[in-house]
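The lines below spell out each chain.
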Amino acid sequence: MMLTITRLDIDDANLLIKGARDKANEIGIPMCIAVTDESGNLISFERMNGGKTHSISIAQDKAFTAGAARKATHEYNAANVPGSLAFGIHTECGGRISSVGGGIPVVIDEEFVGGIGASSGTPQQDMEVAQAGIDYFLTNR
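Along each chain, residues carry numbers from 1 onward, in the same order as the chain's sequence is written. With the structure being a predicted model, the display of local features is reserved for residues of pLDDT at least 70 and the display and counting of side-chain atom pairs for 80 or more, all residues being used for whole-chain, interface and lining totals. To obtain the side-chain values, all non-hydrogen atoms of the structure were used and water was disregarded.

Caption draft 1: Structural context of helix α2 (residues 55-69). In DSSP terms, a helix is any run of H or I states spanning at least four residues, a strand is any run of E spanning at least two, and both are numbered starting from the N terminus. To estimate how far a helix should extend, the number of its residues minus one is multiplied by 1.5 Å. Taking 1.5 Å per residue, 15 residues should reach 21 Å; α2 reaches 20 Å between its end C-alpha atoms and fits that length. Buried means the residue's accessible area, taken with a 1.4 Å probe over protein chains only, is under 20% of the maximum for its type, while exposed means over 50%, and partly exposed covers the values in between. What α2 keeps buried is the set S55, A59, D61, K62, A63, F64, T65, A66 and G67. The criterion used for residue contact is that any of the two residues' heavy atoms lie within 4.5 Å. Where α2 is buried, its residues touch β1 (32-37), β2 (42-47), α3 (73-79), β3 (103-108), β4 (111-119) and α4 (123-140). Downstream of α2 by one or two residues, R70 has phi in the positive range, about 60°.

This is the structure we're talking about:
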């Protein structure tokens, strides 16, 4: 039996980035925004003018985590504390697992199809921008 996989394509990724970019402009924080498929592989990336240099890789790692692990990065943050069995998760996969808010899985009809990651603001701002990308995508796809 073969698997059938539903994943985001470049047009989907562009919608996600547009929604995130619009929110970033609204709050006045230039962002780095990444979109991955359900395996965590990069589909599209945008560094807005003024997006922080170090946020290039951070946004991609947030999207990787959300897409491949199928879990929002802020959920890892809550579990990644000393004494927790998940403490140290951020060191896995060559350090690519992010536990900083701003990476959110993209889900359609209860199926994980990718991830979006935003970075350059506070974790809360990054989460708002990533969620705005998802909301825009779901409304306009």
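Caption draft 2: Examining helix α1 (residues 10-27) more closely. Taking 1.5 Å of rise per residue, 18 residues should cover 26 Å, and α1 covers 26 Å from first to last C-alpha, within 8% of that figure. Among all positions in α1, only D12, A13, L16, I17, G19, A20 and A24 are buried. The buried residues of α1 all sit within an arc of 160° when viewed along its axis, so they share a single face. When the buried face of α1 is taken as reference, the exposed residues oriented beyond 90 degrees from it are D11 and E26. Tucked into the core, α1 has its buried residues touching β1, β2, β3, β4 and α4. With a side-chain oxygen positioned 3.0 Å from the backbone nitrogen of D11, the residue opening α1 is D9. Taking the helix axis as origin, the arc is that swept by the directions to the C-beta atoms. Here a polar contact is recorded for every N or O atom pair within 3.5 Å, except that within protein the pair must consist of a potential hydrogen donor and a potential acceptor, and residues adjacent in sequence are included only if both atoms are side-chain atoms.

Caption draft 3: Main features of the side chain of T36. Among the secondary structure elements, T36 is positioned in strand β1. Look at T36 and you get buried, because its relative accessible area is 1%. At 3.0 Å, the side chain of T36 forms a polar contact with the backbone oxygen of A63. Discounting residues that sit within four places of it in the chain, T36 has contacts with L8, N41, L42, I43, A63, F64, G67, V113, G114 and G115.

Caption draft 4: Region of the structure containing the sheet that holds β4. If you trace the four strands from one edge of the open sheet to the other, you get β2-β1-β4-β3, paired in antiparallel fashion. Strand pairing shows two members of the sheet lacking a second neighbour, β2 and β3, which therefore form its edges. Neighbour-to-neighbour, the strand axes of the sheet open up by a mean angle of 15°, direction not taken into account. Bridging between β1 and β4 involves six bridges; their strand directions are antiparallel. Paired with C32 across the bridge in β4 is S119. Inter-axis angles, ranging from 0 to 180 degrees, are taken between N-to-C directions of lines fitted to C-alpha atoms, where helices are fitted over the stretch in contact. Strands in contact with α1 are β1, β2, β3 and β4; relative to β2, the strand with the most contacts, it is inclined by about 30°. At least two bridges found by DSSP between two strands are what make those strands a pair.

Caption draft 5: View of the packing of α1 against α4. The geometry of α1 relative to α4 is characterised by a closest axis approach of 7 Å and an angle of 135° between their N-to-C directions. Between α1 and α4, the angle falls in the class oblique. Crossing of α1 over α4 shows right-handed handedness. Contact residues: D12, L15, L16, K18, G19, A20, K23, A24 and I27 in α1; Q125, E128, V129, A132, G133, I134, Y136, F137 and N140 in α4. Angle categories: roughly parallel below 35 degrees, roughly antiparallel above 145, roughly perpendicular from 65 to 115, and oblique for all the rest. In this scheme the handedness of a crossing depends on how the near helix is turned from the far one: anticlockwise by less than a right angle means left-handed, clockwise means right-handed.

Caption draft 6: Here's a closer look at the nonpolar core. One finds L8, L16, M31, I33, V35, V106 and I116 to be the most contacted residues of the largest nonpolar core, which totals 21 residues. Of all the elements in the fold, those that place two or more residues in this core are α1, β1, β3, β4 and α4. The element best represented in this core is α1, accounting for five residues. With sequence-adjacent residues up to four places away left out, M31 is seen in contact with A24, E46, R47, M48, G51, A118, S119, S120, G121, Q125, D126 and V129. In plain words, nonpolar cores are sets of buried Ala, Val, Leu, Ile, Met, Phe, Trp, Tyr and Cys residues tied together by side-chain atoms within 4.5 Å.

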